[in-house]
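Given next are the chains, with one letter for each unit.
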Amino acid sequence: MSRLQKIVVPLAVVLVTVAGIWGLSASKPEPESKPEVPRPRTVYVESVQESVRQLTVTSQGEVKARTEIDLIAEVSGKVVYVSPEFTEGGVFTPGLVLLRIEDSDYQVALANAKAELARQQVQVDQGLADAEVARQQLAGVKASALGLKKPQLAEAQAGLAAARARLQQAEIDLARTQVALPYSGRVRAEAVGLGQYVTQGTPLAKVFADDVVEVRLPLTDSQLASLGLPIGYTAPLGDGPSVALSAKVMGFTRYWQGHLVRVDSAFDPLTRVIYAMVQVPNPYSEETLQASGSPLAVGLFVDAEIGGQQLANARSIPREALRAGNRVFVVKDGALDIRVVDVQHTDNDTAVIRAGLAVGEQVVVSPVRDPINGLKVEALAPQGFAGPDTSVSPAATARGDRS
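Keep in mind that this is a model prediction, so the values were computed, not measured. (Residues numbered from 1 in each chain as written. Predicted model: local features only at pLDDT ≥ 70, side-chain atom pairs only at ≥ 80, totals over all residues. Heavy atoms only, no water.)

Within the largest apolar cluster, 29 residues are counted, with the highest numbers of intra-cluster contacts made by Leu219, Leu245, Leu260, Val263, Leu296 and Val302. Put simply, the parts of the chain that give this core at least two residues each are β2 (49–65), β11 (212–219), α4 (221–227), β12 (242–249), β13 (252–263), β14 (274–281) and β15 (301–318). If we skip the residues at most four places from it in the chain, Leu260 touches Leu227, Leu229, Tyr233, Ala235, Asp239, Gly240, Pro241, Val243, Ala276, Met277, Val278 and Ile306. Within the second largest apolar cluster, 28 residues are counted, among which are Ala73, Leu99, Leu167 and Leu174. (Core = buried A, V, L, I, M, F, W, Y, C linked by side-chain atoms within 4.5 Å. Buried < 20%, exposed > 50% of the residue type's maximum accessible area, 1.4 Å probe, protein only. Helix = DSSP H or I, 4+ residues; strand = E, 2+ residues; numbered from the N terminus. Contact = heavy atoms within 4.5 Å.)

The next thing to look at is the sheet that holds strand β6 (residues 99–101). Two strands in a sheet stick together by hydrogen bonds in their backbones, pointing the same way (parallel) or opposite ways (antiparallel). Taken in spatial order, the four strands line up as β7-β6-β4-β9 in an open sheet, and their pairing is antiparallel. Edge positions in the sheet fall to β7 (178–179) and β9 (197–198), since each of these pairs with one other strand and no more. Pairing of strand β4 (residues 77–82) with β6 involves three bridges; the strand directions are antiparallel. When the sheet's bridge partners are listed, Tyr81 is paired in β6 with Arg100. (Pairing = 2+ DSSP bridges.)

A few words on the layout of surface pockets. Counted as a void, the second largest pocket has a volume near 230 Å³. Lining the second largest pocket, in full, are Val212, Ala235, Pro236, Leu237, Gly238, Asp239, His259, Val261, Gln279, Val280 and Pro281. At the level of elements, β13 and β14 are the ones that each hand at least two residues to the lining of the second largest pocket. Considering every element that reaches the lining of the second largest pocket, the biggest residue donor is β14, with three residues. Its residues assigned to classes, the lining of the second largest pocket shows seven nonpolar, three polar and one charged. (1 Å grid on protein atoms, 1.4 Å probe; cavity = no way out; pocket = protein on both sides within 12 Å on 5 of 7 lines; lining within 4 Å. Points joined across faces, edges and corners; volume = space filled by probe spheres on them. Nonpolar A, V, L, I, M, F, W, Y, C, P; charged D, E, K, R; others polar.)

For the rest of this paragraph, the subject is helix α2 (residues 104–137). Here α2 contains 34 residues, and its C-alpha end-to-end distance of 50 Å stays within 8% of the 50 Å for a straight helix at 1.5 Å per residue. When we look at burial in α2, the residues that qualify are Tyr106, Leu110, Ala113, Leu117, Gln120, Val124, Gly127, Ala131 and Ala134. In this structure, the buried residues of α2 make contact with α3 (150–175). (Expected span 1.5 Å × (residues − 1).)

Residue position: Arg339 is located in strand β18 (residues 335–340). Note on Arg339: relative accessible area 17%, which makes it buried. Side chain to side chain, Arg339 and Asp337 meet in a polar contact 2.9 Å long. Non-local contacts of Arg339, meaning those with residues more than four positions away in its chain, are made with Asn326, Arg327, Val328, Val330, Lys332, Gly356, Leu357 and Glu361. (Polar contact = N/O pair within 3.5 Å; in protein donor to acceptor, adjacent residues only side chain to side chain.)

When the terminal C-alpha atoms of α3 are compared, their 38 Å separation across 26 residues agrees well with the 38 Å that a helix rising 1.5 Å per residue should span. Within the sequence span of α3, burial applies to Leu153, Ala156, Gly159, Leu160, Ala163, Leu167, Ala170, Asp173 and Leu174. In this structure, the buried side of α3 is in contact with α2 and β7.

Have a look at this one:
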């Protein structure tokens, strides 16, 4: 085989092969084209439930003593005695002497006041005797008041009254050298010590009464409506809506019971909230310690749950079904129906709807990307939302029901 044949023959074979492949491709039938139908999006739904609903309002606040004062020295002198309870955290009872100021100067002042009173009493007795003598001597004679010794007697009586006042002041000053309070309480902080000289007006300590503590709770206008209380509400003595307080103390959640006793008469102009006052009696008592495992200590930050109105036919949905702007995504005939609803009440788990939803309708609880009305969706089976829990929680066993 010549050199030319060695080149031409392989080239011819390649050309024939390419031509065959091209012919097969050209004779292949075109695939049938079908229009693409968008698949519906899968969403999770829950049904709108209707039941008897006890509304609850949650808030937070700091525990404060109803009575807390700066203990101030009323007389001057050196501190000569300090009670063992005169220390941070110390407990005092009514009349317990927390500290004593040196009283020797006040004892002397008291003795002088008693002596002055006795002297003035003699002056009055002498004035009475002189007036009687003058009256007898001038009997039947028209005499002046001065001749009858009346001004002299009045001066002696005025001196006696002044002496009595000075004696009373000396007794008060002497009593003030012993510092005590008329109620039981706790010492928050002491400011003086044994041997220190104090003057009238010197701060001695910060103390508070332990009979009642208070928690001031901020409430929005909608929360106040859920409670059904008017602005400026004042509870009858010993009554008021029950409030469950809770806080984590020593690694455990503790619970206490209190009562809402009043609502402020004005909204805060900065925060646009109104404040309600809750009171808890005997926060440090043995009974409270046994019931809660911890006293309701001053300064503790607590969560509060207040029992509100009871609704007979409340329509409820899971809280995650309520979107921004009070919108709810409803699945209707396999499509998305976006509605704006009238919300009556919300809490951490549920939302109570006043208008805009019917019982049994399915609401979307899962996220929806780019939601629009009419979006085709496929609803998955409900996940078991059974409506609001109408049972009473352990934290609110004493909560009252009010319609």
